[in-house]
Amino acid sequence: MKKINTMENNDSITTFEQHLEKRYGESGTENRMVFEAKAKAFAIGELIKNERRLAEMTQEQLAEKTGTKKSFISRIENGKSDIQLSTLYRILEIGLGKRISLTIK
């Protein structure tokens, strides 16, 4: 009978930070910074997508209201495009009527 590995057999749980370090390197390294930038772009895109849906707007309507193109809104929502702060402001505050608050830690 094959023995199944369990915690009792000295297996350890890997933390998310350990996983990130193994896959992308330690915090502050180039690979890790690239990963974190992409992760933040994805998170911003998800936030915009969620707020747009709550406002019951299409990508095309949001693009028209903010002077951009539907394809640009789509790229942002999918984390495929960098976004300037001024554009983020236009989309969230002008397009969706939300307020932006930045925190620096």
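What you are looking at is a predicted structure, and each value in this text was computed from that prediction instead of being measured. (Residues numbered from 1 in each chain as written. Predicted model: local features only at pLDDT ≥ 70, side-chain atom pairs only at ≥ 80, totals over all residues. Heavy atoms only, no water.)

Chemist: Which parts of the structure should I look at to understand the overall build of the protein?
Modeler: Counting its secondary structure elements, the protein contains five helices and zero strands. Going from N to C terminus, the protein has its helices and strands arranged as α-α-α-α-α. Relative to its full complement of 105 residues, the protein shows a buried share of 26%. When contacts within the protein are restricted to residue pairs at least 6 apart in sequence, long-range pairs at least 24 apart make up 44% of them. (Helix = DSSP H or I, 4+ residues; strand = E, 2+ residues; numbered from the N terminus. Buried < 20%, exposed > 50% of the residue type's maximum accessible area, 1.4 Å probe, protein only. Contact = heavy atoms within 4.5 Å.)

Chemist: I would appreciate a short explanation of the confidence of the model for the protein in the present structure.
Modeler: Any segment with low pLDDT has predicted coordinates that should not be analysed in fine detail. On average, residues of the protein score 89 in pLDDT, and 90% of them are at 70 or above. Residue range residues 3-7 is modelled with pLDDT below 50. Its contacts to residues more than four positions away, or to other chains, number five contacts. (pLDDT = per-residue confidence, 0-100.)

Chemist: Just checking my understanding: could you explain helix α3 (residues 59-66) for this structure?
Modeler: At 3.6 residues per turn, the α-helix brings residues three or four places apart onto the same side. Within α3, the full set of buried residues consists of Q59, L62, A63 and T66. All buried residues of α3 fall inside an arc of 100 degrees around its axis, so they share one side. Those residues of α3 that are exposed and aimed more than 90 degrees away from the buried face are E60 and E64. Close packing links the buried residues of α3 with α2 (30-54), α4 (70-77) and α5 (85-95). Just downstream of α3 lies G67, where phi reads positive at about 70 degrees. (Arc of directions from axis to C-beta.)

Chemist: Is there a simple way to explain the side chain of R32 in this structure?
Modeler: Within the secondary structure layout, R32 lies in helix α2. Exposure remark for R32: the relative accessible area of 2% places this residue in the buried category.

Chemist: Please explain the side chain of E77 as it appears in this structure.
Modeler: For E77, the position within the fold is in helix α4. At a separation of 2.6 Å, a polar atom in the side chain of E77 contacts the side chain of R52. In this structure, E77 is in contact with G45, E46, I48, K49, R52 and Q59, ignoring residues within four places of it in sequence. (Polar contact = N/O pair within 3.5 Å; in protein donor to acceptor, adjacent residues only side chain to side chain.)

Chemist: How should the pattern of salt bridges be read in this particular structure?
Modeler: Two side chains carrying opposite charge are able to pair once their charged atoms lie near each other. Evaluation of the coordinates by the stated rule reveals six salt bridges. Between E17 and R32 there is a salt bridge, with the nearest N and O atoms lying 3.0 Å from each other. On the criterion of sequence distance, the pair formed by E17 in helix α1 (residues 16-24) and R32 in helix α2 is long-range, its members being 15 residues apart. A relative accessible area of 36% places E17 in the partly exposed class. Across the salt bridge formed by K49 and E46, the nearest N and O atoms sit 3.2 Å from each other. Placement of both K49 and E46 in helix α2 is noted, with a separation of three residues, approximately one turn of the helix. Look at K49 and you get buried, because its relative accessible area is 15%. A relative accessible area of 31% places E46 in the partly exposed class. A network of salt bridges, in which partner residues are shared, links E17, R32 and E36. (Salt bridge = Lys/Arg side-chain N within 4 Å of Asp/Glu carboxyl O.)

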